[in-house]
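# Descriptive structure summary
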Amino acid sequence: MNSEELKDIYRRNKYYSDTFLGYPVAKDFSYSDFAPFLDICINNVGDPENKSTLAIDTKDIELKCISFFAEMLSTNMQDVWGYITNGGTEGNLYALYLARESFPNAMVYYSESTHYSVKKNLHLLNIPNIVIRAQDNGEMDYDDLEQTIALRRDKPAVFFLNIGTTMTEAVDKISEIKRIIKKYAIKDYFIHCDAAFLGTIAPYVTPKPQFDFAEGIDSIAISGHKFIGSPIPCGTVLVKRKHRDRIANSVSYVGTMDTTITGSRNGLTPLFIWDFIQKHGHEGLRLRVEAAQKVAAYTENELKKLGLNAWRNNQALTVVFPKPSKALCTKYQLASEDDIAHIICIPGITTQDIDNFILDLKAEITSITVNAEAVFA
Ligand SMILES: *Cc1c(COP(=O)(O)O)cnc(C)c1O
């Protein structure tokens, strides 16, 4: 590749990285200190707790990351096991795989606000599933869930819950799920939390949403490149150790236990995550959440000042508002669904960035009003 071509690709991506407002991907990181690692192929092949014959790995660091996440999720390494994945999708796939191995004839319930990748995961695993209606804020409709469960009390149930939906950052309530489990005396069940975006946020929100192992969940998937931030997509999955042990007994040895979805695994991403943990820790994460919440509150308020129906789920970093023109959605890379769009106030987005967007939006609204007046004059 010639250097002009490379420069172009860099400039293009840097520009789009600096200007987007619609994706839950932190921008404020720098891992250029890790450049020497780009000359080594680090491969955490197989189970993070088993050394393989390949010695070029960062499994020691990977386990430190998992241990930090376990503590963050109200548990410990005796009770849970986990690994660093390629992102939220892989974590969700892994958890659903374990759920199926636990209850081969289970039914999976998930809301219509669930991330698009889950449908594909269920298809890959060939698990029967039912989509539950969502409320207007994106949260599962518990009445619909209850009516659906009432007809299938004999079946083991896998609850796939959203701890922050993609579009509105809605959180499904574990207390409601537990109420339904109890009411219909469901004996065999598995609770998975898709906390791709909120996993490293929710622990630091007060009051803390119910979503972690203290609530009796079986598994959780979190993205690493979203709130933490990483130049390479990554994530983590944590599961109750007994679920991992169930599959470990049935897989073959390749010098290490084949308990992960892919064999070869990224050895670089655990270094980024651990570097972040070292720099920030729990207190740093708490401050990071508070700072982002402030920008989100500011954004909501500025949009309201324009007379727009802007709203957030409880303390969310995602601000939902009526979809603006296609030109603005493109310029700021705003994701939209039907007639709504959102801005996600992730670390790296400042009130200055919001002000720039508001100026553009204001100009657009004014010109629409002026044109409308011209038509009706
Ligand atoms: C982003 C996201 C995913 C997918 O995670 P990746 O890291 O992109 O694979 C799944 N679920 C939710 C709720 C998400 O926000």
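Refer to the preceding data block for the structure.
As a starting point, this report considers the structure included with it. (Residues numbered from 1 in each chain as written. Predicted model: local features only at pLDDT ≥ 70, side-chain atom pairs only at ≥ 80, totals over all residues. Heavy atoms only, no water.)

### Overview of the pairing of strand 6 (residues 219–223)
The side chains of a regular strand alternate between both faces of the sheet. With 5 of 5 residues buried, strand 6 is to be regarded as a mostly interior element. Two strands pair when backbone bridges link them, and strand 5 (residues 189–194) and strand 6 are joined in this way by 3 bridges, in the parallel orientation. Bridge pairing links H192 to S219 in strand 6. Taken together, the 5 bridges between strand 6 and strand 7 (residues 235–240) define a ladder with antiparallel strand orientation. Pairing of I220 across the sheet is with L238, part of strand 7. (Buried < 20%, exposed > 50% of the residue type's maximum accessible area, 1.4 Å probe, protein only. Helix = DSSP H or I, 4+ residues; strand = E, 2+ residues; numbered from the N terminus. Pairing = 2+ DSSP bridges.)

### Brief notes about the sheet that holds strand 3 (residues 129–132)
Pairing within the open sheet is mixed, and its 7 strands lie in the order 1-7-6-5-4-2-3. Taken across any chain shown, the strands that pair with only one partner, and hence form the sheet edges, are strand 1 (80–85) and strand 3. Across the sheet, the axes of successive neighbouring strands diverge by a mean angle of 15 degrees, strand direction being ignored. Direction of pairing for strand 4 (residues 157–162) relative to strand 5: parallel, over a ladder of 6 bridges. What sits directly across from F159, in strand 5, is I191. Here helix 5 (residues 142–150) sits on the sheet in contact with strand 2 (107–111), strand 3 and strand 4, set at roughly 150 degrees to strand 3. On top of the sheet, helix 7 (residues 241–248) reaches strand 1, strand 5 and strand 7; it is set at about 90 degrees to strand 7, its chief contact. (Axes fitted to C-alpha atoms, helices over the stretch in contact; angles between N-to-C directions. Contact = heavy atoms within 4.5 Å.)

### Overview of the packing of aromatic side chains
Taken as a whole, this structure holds 14 aromatic pairs when the rule is applied. Taking 5.7 Å as the distance between ring centres and 55 degrees as the angle between the ring planes, the aromatic pair formed by W81 and Y83 counts as tilted. On the basis of relative accessibility, which here comes to 0%, the residue W81 falls in the buried class. Through successive ring pairs, a cluster of aromatic residues spans F29, Y31, F34, F37 and F272. (Phe/Tyr/Trp six-rings, centres within 6.5 Å; stacked < 30°, edge-to-face > 60°.)

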